[in-house]
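This is what each chain is made of:
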Amino acid sequence: MKKSNISSKTVFIFSFSLLQKLEEQFGFDTATACDGEVIIHLYARGGAEYTAKHLDGVFAFIILDTAERRVYVGRDTFGVRPAFKSYIEEKGFLSVCSEAKGMNQILRGKKSCARVFFQA
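Residues numbered from 1 in each chain as written. Predicted model: local features only at pLDDT ≥ 70, side-chain atom pairs only at ≥ 80, totals over all residues. Heavy atoms only, no water.

Quick look at helix 2 (residues 35-54) now. Compared with an ideal rise of 1.5 Å per residue, which puts 20 residues at 28 Å, helix 2 spans 14 Å between its outermost C-alpha atoms and falls more than 12% short. Of all bends in helix 2, the biggest is about 125 degrees, found at G46. The set of residues buried in helix 2 consists of G36, E37, V38, I39, I40, H41, L42, Y43, G47, A48 and T51. (Helix = DSSP H or I, 4+ residues; strand = E, 2+ residues; numbered from the N terminus. Expected span 1.5 Å × (residues − 1). Bend = angle between axes of the 7 residues up to and from the residue. Buried < 20%, exposed > 50% of the residue type's maximum accessible area, 1.4 Å probe, protein only.)

And the structure:
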């Protein structure tokens with residue numbers, strides 16, 4: 001199978017257990033054993049909604065599509081792996097956490113917490 005052009009997509013994932021099943025079902029040519037790679041291939045094939053429809057089980061992910069300048073946040077239907085998000089428009093700052101308390105300092109404007117997120 002021809003490899004997709006997926007160089008502009010980045011994925012972070014918390015939990016996903018169907019790597020082998022999806023690789024076989026779709027015939028993905030994976031380069032790693034990382035479960036996030038399957039999500040990259042699903043996204044390249046059909047976009048964010050397509051990706052979420054094909055995932056089953058407990059998962060949460062963030063897709064940063066630099067080519068399209070879009071960010072997608074997805075989680076399982078029942079929210080077993082939650083994904084809390086907040087966008088501060090005047091600062092152009094997006095935060096995503098698996099627990100709401102992770103955003104407390106950000107939403108209150110604490111500079112010490114914001115520095116952690118911006119450090120390289």
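This part takes up the side chain of D65. Along the chain, D65 turns up in strand 2 (residues 60-65). A polar contact is formed between the side chain of D65 and the side chain of Y43, at a distance of 2.6 Å. (Polar contact = N/O pair within 3.5 Å; in protein donor to acceptor, adjacent residues only side chain to side chain.)

Moving on to unusual backbone geometry. Phi at R69 takes a positive value of approximately 55 degrees, unusual for a residue other than glycine. Summarising the element assignment, R69 is placed in the loop between strand 2 and strand 3 (70-75). Accessibility expressed as a relative area gives 78% for R69, which makes it exposed.

Our focus in this paragraph is the confidence of the model for the protein. Put simply, the protein has an average pLDDT of 75, and 74% of its residues get 70 or more. Counting interchain partners and residues more than four positions distant, the pLDDT-below-50 stretch residues 114-120 has three contacts. (pLDDT = per-residue confidence, 0-100. Contact = heavy atoms within 4.5 Å.)

With that settled, the discussion passes to the packing of aromatic side chains. Overall, the coordinates contain four aromatic pairs when judged by the stated rule. Ring geometry for F26 against F28: centres 5.3 Å apart, planes inclined by 15 degrees, an arrangement best described as stacked. Taken individually, F26 and F28 each receive the classification buried, so the pair is uniform in this respect. On the basis of relative accessibility, which here comes to 12%, the residue F26 falls in the buried class. Ring pairs connect the aromatic residues F26, F28 and Y50, which therefore count as one cluster. (Phe/Tyr/Trp six-rings, centres within 6.5 Å; stacked < 30°, edge-to-face > 60°.)

Now for the nonpolar core. L22, F26, F28, V38, I39, L42, Y43, A48, L55, F59, F61 and I63 form the largest nonpolar core, which has 12 residues in total. Elements that contribute at least two residues to this core include exactly helix 1 (19-26), helix 2 and strand 2. It is helix 2 that contributes the most residues to this core, five residues altogether. (Core = buried A, V, L, I, M, F, W, Y, C linked by side-chain atoms within 4.5 Å.)

Here the focus is the pairing of strand 2. Of all the six residues making up strand 2, five are buried; the element is thus mostly covered by neighbouring parts of the structure. Pairing between strand 2 and strand 3: six bridges, direction antiparallel. Looking at the pairing, D65 lines up with R70 of strand 3. Hairpin remark: strand 2 followed by strand 3, antiparallel, with four residues in the connecting loop; positive phi at R69, about 55 degrees. (Pairing = 2+ DSSP bridges.)

The next point concerns a nonpolar patch on the surface. A contiguous nonpolar patch, built from L64, V71, Y87 and L94 and spanning about 350 Å² of accessible area, is present on the exposed surface. Relative to the elements of secondary structure, L94 occurs in strand 5 (residues 93-97). Judged by relative accessible area, L94 falls into the partly exposed class, the value being 37%. (Patch = residues over 30% accessible without salt bridge, like charges linked within 9 Å, V, L, I, M, F, W, Y side chains within 5 Å. Areas by Shrake-Rupley, 256 points an atom, 1.4 Å probe, with all protein chains shown as cover. Salt bridge = Lys/Arg side-chain N within 4 Å of Asp/Glu carboxyl O.)

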